[in-house]
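# Reading the structure
Below, each chain spelled out in residue letters.
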Amino acid sequence: MKEPIDLINKKKKQKNDKAKVKSISLLKEEKDMIVKNIEEHEKYIKSICENLLVKILSKNFSLIRVYIIQYCIYPRLMFSPRDAIYVIKFSVLLLKLRTPYFNFVGLIGYLLKEILPCILCCTEKESHNFGIFFLELFKILKHWQNKTNWEKECDKTPGFDINIVKVSKKTISLKDLDSIIKTLNKRILNVVKICLKRDSSQRSWR
């Protein structure tokens, strides 16, 4: 004798519910592992960030931003979309940990001067990575434009020292950040204009 349809549906529902509970449990376990892993990595970086840039500093303070861009940021942001996001997240982490001599303002300045023009001679894939990088950069800058976020996360931190060639212990204001963002917008717009004016034979991503 066949089971009633209602009973079959009930058993099916119970089975699905058990599967859902199991999946949720596994996802929670995975989340806990990821959170623990992140905390351990942050703890390790925090333990070394105090002296992270000291060796470079002994040569020349201004070389810090050059080395970070040349050996850390530029190669990774060109490699993949995931890496483009990573370099922004890692830079923000260094800020969060108040890494001595890590000047985010100087980093943006060097980025505009030396790296932004590279968009004119990169492949389609690299251009895509550039776009993701700047999207993430603007997201965090927009987040900091909120006065509450600025005061909590950025104000009076070493990463926003007003002097990019030495440590002055004076930091930029929220108004200064707004000016930096405007400059960043203008520079990117100028590069985009140049890209659009070039004919198809000159575009590296054709």
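Per chain, residue numbering runs from 1 following the sequence as it is written. Per-residue local features of the predicted model are confined to residues with pLDDT of at least 70, and side-chain atom pairs are confined, for both listing and counting, to 80 or more; whole-chain, interface and lining totals are unaffected and use all residues. Side-chain metrics in this entry use all non-hydrogen atoms of the structure; hydrogen atoms and water are not considered.

## Notes on the confidence of the model for the protein chain
Confidence per residue, as judged by the predictor, is encoded in pLDDT with a range of 0 to 100. Per-residue confidence for the protein chain gives a mean pLDDT of 81; residues scoring 70 or more make up 89%. Secondary structure follows DSSP: runs of H or I at least 4 residues long count as helices, runs of E at least 2 residues long count as strands, and numbering of each begins at the N terminus. Mean pLDDT across the secondary structure elements of the protein chain bottoms out at helix α2 (residues 54–57), with 68, and peaks at helix α7 (residues 147–153), with 90.

## What to know about a nonpolar patch on the surface
The grouping of Y44, I48 and L52 at the surface amounts to a nonpolar patch, some 270 Å² of accessible area in total. Relative to the assigned elements, L52 resides in the loop between α1 (5–49) and α2. Taking the relative accessible area as the measure of exposure, L52 reaches 35% and is therefore partly exposed. Nonpolar side chains (Val, Leu, Ile, Met, Phe, Trp, Tyr) within 5 Å and like charges within 9 Å form the patches, drawn only from residues with over 30% relative accessible area and no salt bridge. To measure how exposed things are, a 1.4 Å probe is used in the Shrake-Rupley method; for residues, cover is taken only from the protein chains shown. Salt bridge, as applied in this entry: a Lys or Arg side-chain nitrogen positioned within 4 Å of an Asp or Glu carboxyl oxygen. Exposure categories follow from relative accessible area, calculated using a 1.4 Å probe and restricted to protein chains: below 20% of the type maximum is buried, above 50% is exposed, and the middle band is partly exposed.

## Structural notes on the packing of helix α4 (residues 81–96) against helix α6 (residues 124–144)
Note on method: axes are straight lines fitted to C-alpha atoms, helices fitted across the in-contact stretch only, with angles between N-to-C directions ranging 0 to 180 degrees. Where α4 contacts α6, the axes come no closer than 7 Å and their chain directions differ by 30 degrees. Compared by their axis directions, α4 and α6 come out roughly parallel. You can see that α4 and α6 cross each other, and the crossing is right-handed. Here P81, A84, I85, V87, I88, K89, V92 and L95 of α4 come into contact with α6, specifically with H128, N129, I132, F133, E136, L137, I140 and W144. We call Asp, Glu, Lys and Arg charged. Ala, Val, Leu, Ile, Met, Phe, Trp, Tyr, Cys and Pro are nonpolar, and the rest, Gly among them, are polar. Its residues assigned to classes, the contact of α4 with α6 comprises twelve nonpolar, two polar and two charged. Oblique is the label for any angle not under 35 degrees, not over 145, and not in the 65 to 115 range, which are roughly parallel, roughly antiparallel and roughly perpendicular in turn. Helix crossings are classified by the rotation of the near helix relative to the far one: an anticlockwise turn of less than a right angle makes the crossing left-handed, while a clockwise turn makes it right-handed. In what follows, a contact means two residues having at least one pair of non-hydrogen atoms within 4.5 Å.

## With respect to the nonpolar core
Residue types Ala, Val, Leu, Ile, Met, Phe, Trp, Tyr and Cys, when buried and joined through side-chain atoms within 4.5 Å, form a set referred to as a nonpolar core. Core analysis: the biggest nonpolar cluster contains 50 residues, and F104, F134 and W144 have the highest contact counts within it. When contributions to this core are tallied by element, the ones reaching two or more residues are α1, α3 (63–79), α4, α5 (104–115), α6 and α8 (174–197). Other than its neighbours up to four places away in sequence, F134 contacts L111, L116, I119, L184 and I188.

## Comments concerning unusual backbone geometry
Excluding glycine, residues mostly have negative phi values, and the peptide bonds linking residues are mostly trans. Positioned with a positive phi, R98 is a non-glycine residue whose angle comes to about 55 degrees. Secondary-structure assignment places R98 in the loop between α4 and α5. Phi angles above zero are rare outside glycine, and K156 is one such case at about 70 degrees. Relative to the assigned elements, K156 resides in the loop between α7 and α8. Assessed through its relative accessible area of 59%, K156 is described here as exposed.

## Looking at α6
Compared with the 30 Å implied by 1.5 Å per residue over 21 residues, the 30 Å span of α6 between its first and last C-alpha is a close match. Among the residues of α6, those classed as buried are N129, F130, I132, F133, F134, E136, L137, I140, L141 and W144. In this structure, the buried residues of α6 make contact with α3, α4, α5, α7 and α8. Expected helix span is given by 1.5 Å per residue-to-residue step, counting one fewer step than there are residues.

## A closer look at empty space enclosed by the protein
To locate leftover empty space, one rolls a probe as large as a water molecule over the atoms. We place a 1 Å grid over just the protein atoms. Points where a 1.4 Å probe fits but has no way out form a cavity, open points with protein on both sides within 12 Å along at least 5 of 7 lines form a pocket, and any residue with an atom within 4 Å of a point lines it. Grid points are joined across faces, edges and corners, and a volume is the space filled by probe spheres set on the points. By the definition in use, this model includes two cavities of 30 Å³ or more. One number sums up the size of the largest cavity: a volume of about 80 Å³. I69, I73, V87, I88, S91, F104, L107, I108, L111, F133 and L137 are the residues that line the largest cavity. Among the residues making up the lining of the largest cavity, the classes are represented as ten nonpolar, one polar and no charged.

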